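The chain contents come next:
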Amino acid sequence: MSQVSLVAARIAALQQAGSALALLQATQELASCADASAAPVLVEVLGFNNPGAAVAAVKGLISLGPAAVEALLQLDPVNYGARAWAVRALAGIGDVRGLELLLDALGSDVAASVRRAAAKGLGQLQLDELPPDQKQDVQGQCLGALLAATSDGEWVVRYAVAVGLELLAAGLPAGSPERQQAQQGLLTLQEAADGTPPVVQRRAKLALSRLELQ
Amino acid sequence: MADADASPPQAGEPISEQEALRRLRQSEDSSQQYYGAWWLGRMRSQHPEAVPLLQQALRRRRARDSGEGVEENAVARNAARALGKLAPAAQAAIPDLLDTLQDGDDGLREAAARALGQLAASEAIEALCERLASGPAVAGAQQANSPRLVEPCEALLEALGDIGVNEPRVLAVVKPFLGHESPLIRSAAARTLLQLSGEARWGELLVDLLDHPQLQVRHAALMDLGAAGWRPGFQAIAATLAENSLKLIALRGLVEQGSGDPGDEALLAYMDTLL
């Protein structure tokens, strides 16, 4: 079977899946094709309220990389459940076209699991191919959002902010004011402030020690 | 800004600490008291009036009467939970919580037991052991007209683990619950024994429960391994079929409560991949 007809057959199988388990298997098979034409269908799966299949679809979308971004951005914004999975996929892909959605998710999503994915995602956008001034602008937006989220009410989001700040700071020029701000944010998380659990402090401390060695 | 398990017990606009104290202090509207008590715990209020007002709410609990409203007890339950969250600042409330542990309402006893555990109140060991002493067949039996157990066994067992005094009399009371018919109670008993003794066999029992077909049981075993900080369970936790959110909580427990292998850096590196 040619690749085109294989993908078409697997899409058809997915659309006919009659049970949660069949949907999961069909999603895994479609994801394993590693074919960009599968992206819109994998994005559709994100809205089916089937967590197992959504995990498989997110995995497949991340492995497609930038080729999956258009389909993810066309997602219906009122489908909340699907949007949460899309944030995870975009965070994993690291394409700068996902910036707006990640900023919005970290700043205002009600679910801590979505905010934590967005925080890590903002630290790992691939910016090397952007013109220098645009790169700096995007880094500034990521930094601002992550610093604001150092006071998030949920420990797991603050943990993810520490991870995001480390990743972001590693790509900022040593000695730049932005890098110093990122390190200042990590210092805040490292301090034994009220309600900051030891695991967040240790993660921030680890981030700072790695940045020192760079 | 909160997950489902951290959301307020009723819808409400954000309120100030003064407003929360005012709501708890008045006695016209018990749903306002309920919210005020919840708020003080959730926000970990350090206001000097918070603990005394919560103690007062505990004392205003009522004998349960199935025909009557039980609003006062709902307020008292939230007050007990809030006192646990305010530990260690709520030491003064330990005598009130010990009284509540003798209440006829098992929901209140459950909240009081958890709070005493969070306060690490060694004064409570004897009363907790007494409540459990009749074992799985009596204390752990189902109530006549309800799926609830005669005693809130899970909370009583976990409180003994949280208090953390490893004495033969405590171990003797806890061990029979390893044979309870409910895997949730078995998990609680294994967690407590692991916390008290550190013996690997109890950790291995919890690891076995991570394979249980019911998601609820896998969740409980994850939380229990986390609470005990048992690092040898790391690989099994990583391989469990459960949401990343739950694994992250368990791994936080391994980082904060545990020691030895795997080390902090390996645990943190794995947590990073679950975000």
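It should be noted that the structure appears before, not after, this text.
Report on the accompanying structure. No experiment lies behind these values; they were computed from the predicted model shown.

Basis of the calculations
Residues numbered from 1 in each chain as written. Chains lettered and ligands numbered in written order. Predicted model: local features only at pLDDT ≥ 70, side-chain atom pairs only at ≥ 80, totals over all residues. Heavy atoms only, no water. Phe/Tyr/Trp six-rings, centres within 6.5 Å; stacked < 30°, edge-to-face > 60°. Helix = DSSP H or I, 4+ residues; strand = E, 2+ residues; numbered from the N terminus. Buried < 20%, exposed > 50% of the residue type's maximum accessible area, 1.4 Å probe, protein only. Lys NZ or Arg CZ within 6 Å of the ring centre and 35° of its normal. Axes fitted to C-alpha atoms, helices over the stretch in contact; angles between N-to-C directions. Parallel < 35°, antiparallel > 145°, perpendicular 65-115°, else oblique. Contact = heavy atoms within 4.5 Å. Nonpolar A, V, L, I, M, F, W, Y, C, P; charged D, E, K, R; others polar. Buried area = accessible area lost by both parts, 1.4 Å probe. Salt bridge = Lys/Arg side-chain N within 4 Å of Asp/Glu carboxyl O. Polar contact = N/O pair within 3.5 Å; in protein donor to acceptor, adjacent residues only side chain to side chain.

Some words on the packing of aromatic side chains
Argument step 1. A complete count under the given rule lists two aromatic pairs over all chains for this structure.
Argument step 2. Ring centres of B:Tyr35 and B:Trp38 lie 5.6 Å apart, and the angle between their planes is 35°; this geometry places the pair in the tilted category. Note that B:Tyr35 and B:Trp38 are positioned in helix 2 (residues 30–42) at a spacing of three residues, about one turn of the helix.
Argument step 3. By relative accessible area, which is 4% here, B:Tyr35 ends up buried.
Argument step 4. It is A:Arg88 that lies over the ring of A:Trp85; its NZ or CZ is 4.5 Å from the centre.

Quick notes on the packing of helix 6 (residues 106–118) of chain B against helix 9 (residues 153–163) of chain B
Residue and element names in this part refer to chain B.
Argument step 1. Two elements in contact, helix 6 and helix 9, have axes separated by 8 Å at closest approach and are oriented at 10°. Taken together, the axes of helix 6 and helix 9 lie roughly parallel to each other. Across from Glu110, Ala113, Arg114, Leu116 and Gly117 in helix 6, the residues of helix 9 making contact are Glu154, Ala155, Leu156, Glu158, Ala159, Asp162 and Ile163.
Argument step 2. By residue class, the composition of the contact of helix 6 with helix 9 is six nonpolar, one polar and five charged.

Let's talk about the environment of A:Glu129
Argument step 1. Mapped onto the elements, A:Glu129 comes out in the loop between helix 8 (112–123) and helix 9 (132–148).
Argument step 2. Placed 42 residues apart in sequence, A:Glu129 and A:Val87 show a C-alpha to C-alpha distance of 22 Å.

Here's the deal with the interface of chain A and chain B
Argument step 1. Listed per partner, the contact involves 24 residues of chain A and 22 residues of chain B.
Argument step 2. Note on chain A versus chain B: buried area summed over both sides is about 1900 Å², and carbon and sulfur give 52% of it.
Argument step 3. The tally of links from chain A across to chain B stands at four salt bridges.
Argument step 4. Its salt-bridge partner being A:Arg210, residue B:Glu265 comes within 3.5 Å of it at the nearest N-O pair.
Argument step 5. The interface formed by chain A and chain B holds eight residue pairs in polar contact (both at pLDDT 80 or more) in total.
Argument step 6. Elements that contribute at least two residues to the side of chain A that touches chain B include exactly helix 8, helix 10 (155–170) and helix 12 (198–213) of chain A.
Argument step 7. Taken together, the residues of the side of chain A that touches chain B sort by class into 13 nonpolar, two polar and nine charged.

A word on the environment of B:Leu157
Residue and element names in this part refer to chain B.
Argument step 1. Position of Leu157 relative to the elements: it lies in helix 9.
Argument step 2. Since its relative accessible area comes to 0%, Leu157 is described here as buried.
Argument step 3. For the pair Leu157 and Gly107, spaced 50 residues apart in the sequence, the C-alpha separation amounts to 15 Å.
Argument step 4. Filtering out sequence-adjacent residues up to four positions away, Leu157 remains in contact with Leu132, Val174, Phe177, Ile185, Ala188, Ala189 and Thr192.

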